[in-house]
Amino acid sequence: LEWMGGYNQSKWVGEMMVHHAVQHGGYRASVYRPGMISAHSTSGACNVNDFDCRLLRGLLAMTYVPDGSSSSGIMDITPVDYVASSI
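Before going into details, it helps to say that this report is about the structure given with it.

The rules behind each value
Residues numbered from 1 in each chain as written. Predicted model: local features only at pLDDT ≥ 70, side-chain atom pairs only at ≥ 80, totals over all residues. Heavy atoms only, no water. Helix = DSSP H or I, 4+ residues; strand = E, 2+ residues; numbered from the N terminus. Buried < 20%, exposed > 50% of the residue type's maximum accessible area, 1.4 Å probe, protein only. Contact = heavy atoms within 4.5 Å. Areas by Shrake-Rupley, 256 points an atom, 1.4 Å probe, with all protein chains shown as cover. Salt bridge = Lys/Arg side-chain N within 4 Å of Asp/Glu carboxyl O. Expected span 1.5 Å × (residues − 1). Patch = residues over 30% accessible without salt bridge, like charges linked within 9 Å, V, L, I, M, F, W, Y side chains within 5 Å. Disulfide = S-S within 2.5 Å.

Quick look at the overall build of the protein now. Tallying secondary structure elements over the protein gives three helices and two strands in all. Walking the protein from its N terminus toward its C terminus, one meets helices and strands in the order α-β-α-β-α. Buried positions account for 9% of the 87 residues belonging to the protein. Counting contacts in the protein only where the partners sit at least 6 residues apart, residues at least 24 apart contribute 46% of the total. Roughly 7,100 Å² of accessible area belongs to the protein as shown, and the carbon and sulfur atoms make up 58% of that amount.

What follows is the structure in structure tokens.
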């Protein structure tokens, strides 16, 4: 697990605890990993310190728009209200 980094390790440990509770404790649970979650689709409410918000603010400040010609220039984000309603 050393290669995973602290953030990913903590997520892995949390998921293993949930799986253990399901298998050995008789609990029912689900683990959702929705990917990058963005601002609310209509109100725009968001955590201004999240990575995606800071990245977009930085791009705007530089007046830079990625051309989308490579997969590395694509941000796969989903509005928080869509994620909440689907879960």
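Structure shown, so let's carry the discussion forward.
Turning next to unusual backbone geometry. A positive phi angle, close to 50°, is found at Thr63, a residue other than glycine. Looking at where Thr63 falls in the secondary structure, it is placed in the loop between helix 2 (51–61) and strand 2 (77–79).

The full count for this structure, using the stated rule, is one salt bridge. In this structure, Arg33 and Glu15 form a salt bridge, with 3.0 Å as the shortest nitrogen-oxygen distance. Taken together, the residues Arg33 in the loop between helix 1 (6–25) and strand 1 (36–38) and Glu15 in helix 1 connect sequence positions 18 residues apart.

It is worth spelling out helix 1 at this point. With 20 residues, helix 1 extends 27 Å from end C-alpha to end C-alpha; this agrees with the ideal 28 Å at 1.5 Å per step. One or two residues past the end of helix 1 sits Gly26, with phi positive at roughly 75°.

The next point concerns the side chain of Ser38. Mapped onto the elements of the fold, Ser38 is located in strand 1. Look past the residues within four positions of Ser38 in its chain and what remains in contact with it is Asp52, Ile77, Thr78, Pro79 and Val80.

Let us look at a nonpolar patch on the surface. Taken together, the side chains of Trp12, Val13, Met16 and Met17 define a hydrophobic patch exposed on the protein surface, amounting to about 380 Å² of accessible area. Within the fold, Met17 resides in helix 1.

Here, disulfide denotes a covalent bond that connects the sulfur atoms of two cysteines. Overall, the coordinates contain zero disulfides when judged by the stated rule. Cys46 carries a free sulfur, and the closest cysteine sulfur to it, the one in Cys53, is 4.1 Å from it. By relative accessible area, which is 40% here, Cys46 ends up partly exposed.

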